[in-house]
Amino acid sequence: MIKFLPVGGGNEIGANCYYLNINGNGVILDCGIHPQRKGFEALPNFNLIKDEPIDYALISHAHQDHIAALPFLVKRFPYVKIVTTPQTRALAELTLHNAVSILKKETTKEQFEFYTHDEVDLLIKMIGYYEYEKEFLISSFHNNKDADIKISFHDAGHILGSAGILLNNNGYKIFYTGDINLTNQAVQPAAILPDTKIDTLILESTYGATDSSELSDWQNEADRFAKEANKILTSGGSVLVPVFALGKLQEILATIWFLMKKGKLSQVDIFTGGIGTKINRVYDYNRYVVNRVDKESELSIIPQIDYSQLNSADEFFKNPSIILASSGMMIKGTSSYDFAKQFIQQKNSAIFTVGYMDERTPGYLISKARKGDKIFLDNSDKPIEVKCEIKNFRFSAHSNREQLIEIVKKLKPQNVILVHGDEEAINWMGKKILKTFSGIKVYAANCGKEIVL
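**Digging into the environment of Ser-216**
Right, so step 1: Note that Ser-216 resides in the loop between strand E11 (200-204) and helix H5 (218-233).
Right, so step 2: Given a relative accessible area of 31%, Ser-216 falls into the partly exposed group.
Right, so step 3: For the pair Ser-216 and Gln-188, spaced 28 residues apart in sequence, the C-alpha separation works out to 17 Å.
Right, so step 4: Once residues lying within four places of it in the same chain are set aside, the contact partners of Ser-216 are Glu-221 and Arg-394.

Following this line, the structure appears as structure tokens:
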């Protein structure tokens, strides 16, 4: 018997964590925290699986909403074996240590006992890894041969090391897409799907509710970015670009540099900082061992100034410059949020958003504002007038909804379980799949609701 149970995430983007019981072999797919919640509410609900066998945790990639709860999982289930790609393991060492620092700022010990840097070091040593498309076997601790599963990772095209996960139990095949992208970015090339028919597809639905006409081709969007940025830079202003330190920073940094080298974008100082510069080195180190749009290009040799070394953000406005600062959604307490409060006051400068914004974040509020609007930040009673330009761009690291449907068409599953999307996204995907393909059963994942396959 095969059972699927969302332990976190499911019908939302955050705290992705899914449990599979395959003939007694207990497998966790991803183990993330919810970026918009605090304390226990940010974690997957491990109580849902407290009486289930927990043998393995397979991690699709190193974003916080897919990996940051791993230390809590290991505390709860100390015998779990963790496996991922070599690149995700390398990135996890950086992102999990970074998560410790963030949690200490946001969380009190009374809420829950967060993990330490020493515990992260031990956890990293526990993580096994396999390269893309190299099959390996995971066996239940109970030595039930019917529970043996052949596993392989397949390049998901989302960020470095990201993987779709193929599970084969006695010929029954399950494919979990993780976060998947079927188009090239500046650094990461498109995903490579497994060349086999799938019985059950666990499919992300991030852009299920988004009209694909709103998601422009990467190069077209890059050209639009350059055109708008040049207006600001040639008038003496600077541009703040909020980015996620893992994935988005590398892609936007490479895009900006290519535009400058081609003469499409004014050559100005580029500011970066924080963990993102360390992640750049991991990208460069792995450029010959994974798929990459241009294996010869190196992120670390792009001229960059570390904004953490500045005495004041006023330095950004002395000369035209582009600042890539995390977090991507301008969460309070992050560099991008602090810088944004100053950029808003600068009439000749701009804030350019480059990706998805959760409606509960300051980034969403700022992205919807226009020059002359008054917005409330810091829960202040006094509004701030927006004096800078605000432009929104979509450099997507996820497949659009038509591409997600193409995945269904190629893999020909009997069952599709829709995850990693809000209610509207999952509803659109479900209706489209049922209308397009006959004989497929479609399930919407809901936390705590078991699906028997």
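Don't stop here, the text continues.
**Remarks on the pairing of strand E12 (residues 239-242)**
Right, so step 1: Burial along E12 is two-sided: the residues Val-239 and Val-241 and Leu-240 and Pro-242 are all buried.
Right, so step 2: The sheet contact formed by E12 and strand E15 (residues 321-325) spans four bridges and is parallel. Bridging from a neighbouring strand, Val-241 pairs with Leu-324 of E15.
Right, so step 3: Judged from the two bridges that link them, E12 and strand E16 (residues 350-353) form a sheet pairing that is parallel. Along E16, the bridge assignment pairs Leu-240 with Ile-351.

**What about the packing of aromatic side chains?**
Right, so step 1: Scanning the model with the defined rule gives 16 aromatic pairs in all.
Right, so step 2: Taking 5.4 Å as the distance between ring centres and 85° as the angle between the ring planes, the aromatic pair formed by Phe-225 and Phe-352 counts as edge-to-face. Linking Phe-225 in helix H5 with Phe-352 in strand E16, this pair joins segments that are 127 residues apart in sequence.
Right, so step 3: Ring pairing ties together the aromatic residues Phe-271, Tyr-307, Phe-316, Phe-317, Phe-339 and Phe-343, which thus form one cluster.

What counts and how
Residues numbered from 1 in each chain as written. Predicted model: local features only at pLDDT ≥ 70, side-chain atom pairs only at ≥ 80, totals over all residues. Heavy atoms only, no water. Helix = DSSP H or I, 4+ residues; strand = E, 2+ residues; numbered from the N terminus. Buried < 20%, exposed > 50% of the residue type's maximum accessible area, 1.4 Å probe, protein only. Contact = heavy atoms within 4.5 Å. Pairing = 2+ DSSP bridges. Phe/Tyr/Trp six-rings, centres within 6.5 Å; stacked < 30°, edge-to-face > 60°.

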